[in-house]
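Residue-level listing of the chains:
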Amino acid sequence: MRKSTIISATIAGFISVPAVASADELVLYCSVQEEWCRLMGESFQRETGINVLMTRRSSGETFAQLMAERDQPRGDVWWGGTGDPHLQAAEEGLTAAYESPMMSELQDWALSQAEASGNRTIGIYAGALGYGYNRDLVDDPAPACWADLLEERFADDVQVANPNSSGTAYTLLATLVQIMGEDEAFEFLGQLDQNISQYTQSGAAPIRNAATGETAIGIVFLHDAVAQAVQGAPIGSVAPCEGTGYEIGSMSLVEGGPNPDNARLFYDWALSPEAQALGAEANSFQVPSNVNAPVPPESPSLDEITLIDYDFAPYGSSEVRQHLLARWDAEIGSQR
Amino acid sequence: MTPDELRASRAARERLAWLALLALAVLVLPWHQSLPQGATPLLPSALGLALEGRGWLWPVVLALPVLIWAGMRDAAGRLFLGLALAGFGLLVAQGFAVGLRGPQVGWIGTLFPAAGSGQTGFGWGAFTAGIAFLGLTAHCLALRGFCRGDRFAGGSVVFIVALLSLFVFFPILKLALAAFVGPDGEIALGPFLNRLFAPDIWRLDCFTGGRRCGVVINSLVLGLLAATICTALGLALALIVARTSFRFKQTLRALSILPIITPPFVVGVAIIVLFGRTGLVTQFGAEVFDVRPTRWVYGLTGILMAQVLAFTPITFLVMLGTVEAINPTLEEASQTLGAGPVKTFFKITWPLLRPGIAAAFLLAFIESLADFGNPIVLGGGYEVLSTRIFFAVVGARYDLGNAATLAMILLTLTLVAFWLQNRWLGRKSYVTVTGKSDAGLASTLPFGLKGVAWAVVIPFVTFTLGVYLIVLLGGFVQDIGRWDLTPTFAHLRTAFAFEMGLTGLEFYGSAWNSMQTTLLVSAIAAPLTTLIGILTAWLVSRQDFKGRNAFEFGTMLSFAIPGTVVGVSYVAAFNVPPVDITGTAAILVICFVFRNMPVGMRAGLAAFAQIDRSMEEASQTMGASGATTLRRVVVPLVKPAVFTALVYSFVTAMTAVSAVIFLVSARHNMATAYIMGRVEAGEYALAITYSTVLMIVMIVCILLIQFLVGARKLGRRREFQGQVTPAE
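Parameters at a glance
- All residue numbers here refer to positions counted from 1 along the written sequence of the relevant chain.
- Here chains are named by letter from A upward and ligands by number from 1 upward, in the order in which they appear as written.
- For this predicted model, a pLDDT threshold of at least 70 governs which residues receive local features, and a threshold of 80 or more governs which side-chain atom pairs are given and counted, while totals over whole chains, interfaces and linings are taken from all residues.
- Helix and strand assignments follow DSSP, with helices taken as H or I runs no shorter than four residues and strands as E runs no shorter than two, numbered in order from the N terminus.
- Based on C-alpha atoms, the radius of gyration is set beside the globule rule, defined as 2.2 Å times the residue count to the power 0.38.
- Using C-beta atoms placed from the backbone, we call a residue buried if 20 or more other C-beta atoms fall within 10 Å of its own, exposed if 12 or fewer do, and partly exposed for counts in between.
- Here the contact rule is simple: place C-beta atoms from the backbone, and any two residues whose C-beta atoms are within 7 Å are in contact.
- Scored from 0 to 100, pLDDT reflects the predictor's confidence in each residue.
- By convention here, the domain bounds are inherited from an automatic or database domain assignment.
- Each residue is assigned to one class: nonpolar for Ala, Val, Leu, Ile, Met, Phe, Trp, Tyr, Cys and Pro, charged for Asp, Glu, Lys and Arg, and polar for all the others, Gly among them.
- DSSP bridges decide pairing: two strands pair if at least two such bridges lie between them.
- Here the axes come from fitting lines to C-alpha atoms, over the contacting stretch only for helices, and the angles between their N-to-C directions go from 0 to 180 degrees.
- By the definition adopted for this analysis, an angle is roughly parallel if under 35 degrees, roughly antiparallel if over 145, roughly perpendicular if from 65 to 115, and oblique otherwise.
- Defined on buried residues, the nonpolar core groups Ala, Val, Leu, Ile, Met, Phe, Trp, Tyr and Cys residues joined through C-beta atoms within 7 Å.
- Each crossing gets its handedness from the near helix: less than a right angle anticlockwise from the far helix is left-handed, clockwise is right-handed.

(A) The overall build of chain B, seen in detail. Within chain B, the secondary structure is distributed over 31 helices and six strands. For chain B, whose C-alpha radius of gyration is 29 Å, the value lies close to the compact-globule estimate of 27 Å for 728 residues. Overall, chain B is about 85 × 65 × 60 Å in size when its C-alpha atoms are taken along their principal axes. By residue count, 50% of the 728 residues in chain B fall in the buried class.

(B) Representation of the overall build of chain A in the model. A tally of helices and strands in chain A yields 14 helices and eleven strands. Relative to a compact globule of 336 residues, whose C-alpha radius of gyration would be 20 Å, chain A shows 21 Å and is just as compact. Structurally, chain A occupies a C-alpha span of about 80 × 50 × 40 Å along its principal axes. Out of the 336 residues belonging to chain A, those deemed buried represent 54%. A separation threshold of at least 6 residues defines the contact pool for chain A, and within that pool the share at least 24 residues apart is 79%.

(C) Region of the structure containing the confidence of the model for chain A. Looking at chain A as a whole, its pLDDT mean stands at 87, while 93% of the residues score no less than 70. At the low end of the mean pLDDT range in chain A sits helix H1 (residues 2-14) of chain A, at 44; at the high end sits strand S3 (residues 77-79) of chain A, at 96.

(D) Quick look at the domain arrangement of chain A. Residue and element names in this part refer to chain A. Taken domain by domain, chain A consists of domain 1 (23-126 + 247-300) and domain 2 (128-245 + 317-335). Put simply, the middle of domain 1 and the middle of domain 2, counted by C-alpha atoms, are 25 Å apart. Taken residue by residue, the interface counts 20 residues in domain 1 and 24 residues in domain 2. Where the side of domain 1 that touches domain 2 is concerned, the elements lending two or more residues are helix H3 (59-68) and helix H4 (83-91). Here the residues of the side of domain 1 that touches domain 2 are counted per class, giving three nonpolar, eleven polar and six charged.

(E) The domain arrangement of chain B, seen in detail. Entries for chain B in the domain assignment read domain 1 (3-144), domain 2 (200-474) and domain 3 (510-727). Using C-alpha coordinates to define each centre, domain 1 of chain B is positioned 52 Å away from domain 2 of chain B.

(F) Expanded view of the pairing of strand S8 (residues 217-221) of chain A. All names here are of chain A. Counting buried positions over the five residues of S8 gives five, a clear majority of the element. Bridging between strand S5 (residues 121-134) and S8 involves five bridges; their strand directions are antiparallel. Following the sheet pairing, Leu129 is matched in S8 by Phe221. Where strand S6 (residues 158-161) meets S8, two bridges bridge the pair, whose relative direction is parallel. Across the sheet, residue Val158 finds its bridge partner in S8, namely Ile217.

(G) View of the environment of Ala128(A). Residues and elements named next belong to chain A. When you line up the elements, Ala128 lands in strand S5. As a C-alpha pair, Ala128 and Cys145 span 17 residues in sequence and 14 Å in three-dimensional space. Filtering out sequence-adjacent residues up to four positions away, Ala128 remains in contact with Phe221, Leu222, Ala239, Thr244, Tyr246, Pro300, Leu302, Ile305 and Leu307.

(H) How the structure looks around the packing of helix H13 (residues 266-275) of chain B against helix H21 (residues 447-474) of chain B. Residues and elements named next belong to chain B. The contact between H13 and H21 brings their axes to 9 Å, and the two run at 100 degrees. One way to sum up the angle between H13 and H21 is to call them roughly perpendicular. Here H13 contributes Val266, Val267, Ala270, Ile271, Val273 and Leu274 to the contact with H21, which in turn contributes Gly466, Val467, Ile470, Val471 and Gly474.

(I) Broad picture of the nonpolar core. Val269(B), Ile271(B), Ala407(B), Val568(B), Cys591(B), Val660(B) and Ala687(B) are the most contacted members of the largest nonpolar core, which totals 224 residues. Apart from the residues lying within four places of it in its own chain, the contact partners of Ile271(B) are Val297(B), Gly302(B), Met305(B), Ala306(B), Leu378(B) and Val467(B). Judged by nonpolar contacts, the second largest core, of 92 residues, contains Tyr29(A), Ala64(A), Val220(A) and Tyr267(A).

(J) Molecular detail of unusual backbone geometry. Cis geometry is adopted by the peptide bond preceding Pro141(A), which originates at Asp140(A) and carries an omega value of -5 degrees. Summarising the element assignment, Pro141(A) is placed in the loop between S5 and S6. For Cys147(B), which is not glycine, the phi torsion reads 55 degrees and is therefore positive. Topologically, Cys147(B) is positioned in the loop between helix H6 (124-143) and helix H7 (151-178).

(K) Broad picture of the packing of helix H23 (residues 512-542) of chain B against helix H29 (residues 639-655) of chain B. Residue and element names in this part refer to chain B. Here H23 crosses H29 at 140 degrees, and the two axes come no closer than 8 Å. Considering only the axes of H23 and H29, their crossing is right-handed. Residues Thr518, Val521, Ser522, Ala525, Ala526, Pro527, Thr529, Thr530, Gly533 and Ile534 of H23 touch H29, and the partners they reach there are Ala641, Val642, Ala645, Leu646, Ser649, Phe650, Ala653 and Met654. For the contact of H23 with H29, the per-class residue count stands at twelve nonpolar, six polar and no charged.

(L) A look at the pairing of S6(A). All names here are of chain A. Neither face of S6 is left uncovered, since the one carrying Val158 and Val160 and the one carrying Gln159 and Ala161 both have all their residues buried. Pairing of S6 with strand S7 (residues 196-200) involves four bridges; the strand directions are parallel. Bridged to Ala161 within S7 is Thr200.

(M) Expanded view of the environment of Asn134(A). All names here are of chain A. Relative to the helices and strands, Asn134 is located in strand S5. Among the residues examined, Asn134 registers 24 C-beta atoms within 10 Å and is labelled buried. The sequence separation of Asn134 and Ile235 amounts to 101 residues, and the corresponding C-alpha distance is 4.8 Å. The contacts of Asn134, once residues within four sequence positions are left out, are Ala210, Gly213, Ala216, Pro234 and Ile235.

(N) Focus on the confidence of the model for chain B. Residue and element names in this part refer to chain B. Scored by pLDDT, chain B comes out at a mean of 84, with 93% of its residues at no less than 70. Contacts of residues 428-436 to residues separated by more than four positions or lying in other chains number eleven contacts, the stretch itself having pLDDT below 50. In the model, residues 712-728 has pLDDT below 50 throughout and makes six contacts with residues more than four positions away in sequence or in other chains. Among the scores for the predicted complex, ipTM is 0.78 and pTM is 0.85.

Given below as structure tokens:
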């Protein structure tokens, strides 16, 4: 029997006990910047003793992961990232409906996400789109509008994420379509493409590259640009003069996740003023959705920016999203 | 008892044990990893589930009494063999017949309505049953004279073939199938052809003034350039070390080990820090020539720089072996006959070097094709196959069919290169055998050639040192990306902070989770890899059985498959029942074991070639079984190979990324995947800190293993003198 014991021990070693989550765990899919994700996970872990298993991925990637795992969901909560893919996940039935007792404390724009999705997602923060430029690399006059980005002096010097993977870049796409109309927007993006050095995977990567000087301009959410400036980078942020769109960063419960009770616990906690105040600690200056949560003084004030009337319901739907992304792929992505 | 009776009773006992295991598997153990929807049986075993209306499990359950009956009749008969194999086949068939959401085969659904609710993946019961069926098959084969009746050897062959089929061939097959699945879920040739001939794969625009080439062309261009440069550099380094009175030869050799223990991405990051637009070198160059600094390093140039740094040590070692193997008498003869050093070099040395050059070239080409870490950091808009595959699976453009098609292209390219390399390596042995006597002095390099070699090597060494200086520095200063060189431990704290909490030590650093998983997985995978590798080497070099050549080829194949392809194929194969193991630590261990096993096997084969068979034959003549001989005689003699395999598989498990990146999950994240996330988010300092810590951990582990090797080697030498010398 000796041979068999060796071999069967080997094989038994391979086949571990299947992954059934134990009671004190939470699998968190996080789509904001890593530092904030870590702080949220750690704080929740300290507060409740629930072990948080966190994965940080961009919102587009997380959506793709939820789609891939839909037969056997492995995540519990999807926290953060632009609202559009959250709405799309709700439409696909990937996320579960839940009415948190905290809803009475939330801003109207946060609740609009819940209304649009049948309570399958909710707003946790808001932030306006814009771009940041490296002051050492960009000479006067500083750019101030979307149209300025087409100038020849920025050739090969602008970065934005790929709208397929990043909610930030999709927000740009949807914003331009709403400002200019679809055909004009794609014409604009086609011209902009001449100045783009790289479409990154992560939405905030362009501004980090602008901060280190690897690119002159990064199209991002303004709070990401401010975060770099606060950390000492020579970054100036621009809210474009033509008006701009904004995101409602959202949170959803994964339908059929392994730890539904812990997920709801996290959901309620994440909507509390205390949890929402954590963002500023992690250099994230979004406007929190709980009316009682302090707004960080560094936050770009939404009142002073020309905001367009961003229509979340159609632009968050699968149909419009797929159409715009397919057109982007055909006219821009695949031409590179 | 006569020896024959003894053998018969031993065989009967063994058969009983296998049958008992099968009984345990089908009657008691939970068949699935979790109960299927709607099932509430008395027992979660196959029997319990079958009684509850899941009738497609009956054949597996009934195999038990049938095999008991056949065993009593004639355990060495064809009937028993056929039944044991049929049992295994039925097990596999029932696993595939009913999927997670319902029956895959129509008539099963009509016959057993319970199939409508589907079944989950294999659990302990099913896996144990598989082992038992295979054990019975091996048992019968041994009785029928397979492997000269050696039950241990026969059993090992059967189980290794089964494991290779499950973890190497099945995933590749599944992947190939996925390439044919259209958007509607149907298998057809059309979608595959569409994907295969998509213009963004084969387009040649970049040669005719367009912006970008297809992704295959990109990969090929990169591979050919990288292989050419690496081979030239490797040759120059080898000539300097072997043919000049260069003083720092040992340093050069030591330097060549560094890339092997360097985690991926960190070299790419260091190159950005040096040559990126705000990099030290770029800024300096821009000031000197008064031009605007550009992003010149992103794209082909940058990837090429990183790959040259990473693969030159490999080509250097190959070329060094070739140069040192050249018999100096040939060159001496040439000079005696009146040829000058230049003529000698080009007429004698160069032709002898050519096979080695070809081998080094193809090796670097294969490495370049499989490389994932450097293109993803430095690629910019330059996409290669490995990164495109990655984004088709993990990215938002999730498209498994497309990923599978690209993976098949990559696999084909690699296999062709591998095949060519094996042909060249076959010829290379011709070189080493030429000399009858090694007397004579190797000719020194002709002066002009020496100058060329130095001119090539000095920039390379400076470049390597610069990159590693950045790596050393980067983790412990504020922000290396912006050249803020204030010393700090903040990054180390972010990654590896811990506190003494109420419940003892609490780890809050963000890297702890992945660090623990990485160490655990590597520590489990390394000994398993070594065990299977050495066992396979022993079977191939010492046992005689039908299909041995095919067996050897199969084991080597898993080495030729690029990591990205392995990763995608595992996702395609093990995401769904019957073998549903994605998201577990087991899949990481399995991936490493079967990827690195051929290296353990090669080390083992080399060691076995040096050991005379007579000692094992003596052991067997004196009545020891195959297993005892292996344990008491063979393993002590090949211990150095065992430890080499251990070091290699451990280090590879710590630094591998291309396959792992598909298999990590929130629960089991690996260090390299974590580092990649940090690089993507632009947190270079954190990535560099973590890499530095990883490298220190690896050096400590290697020293630990080396210490053990040293100790064993002494023991081996004493044994060697005591036992072998008198025999000669």
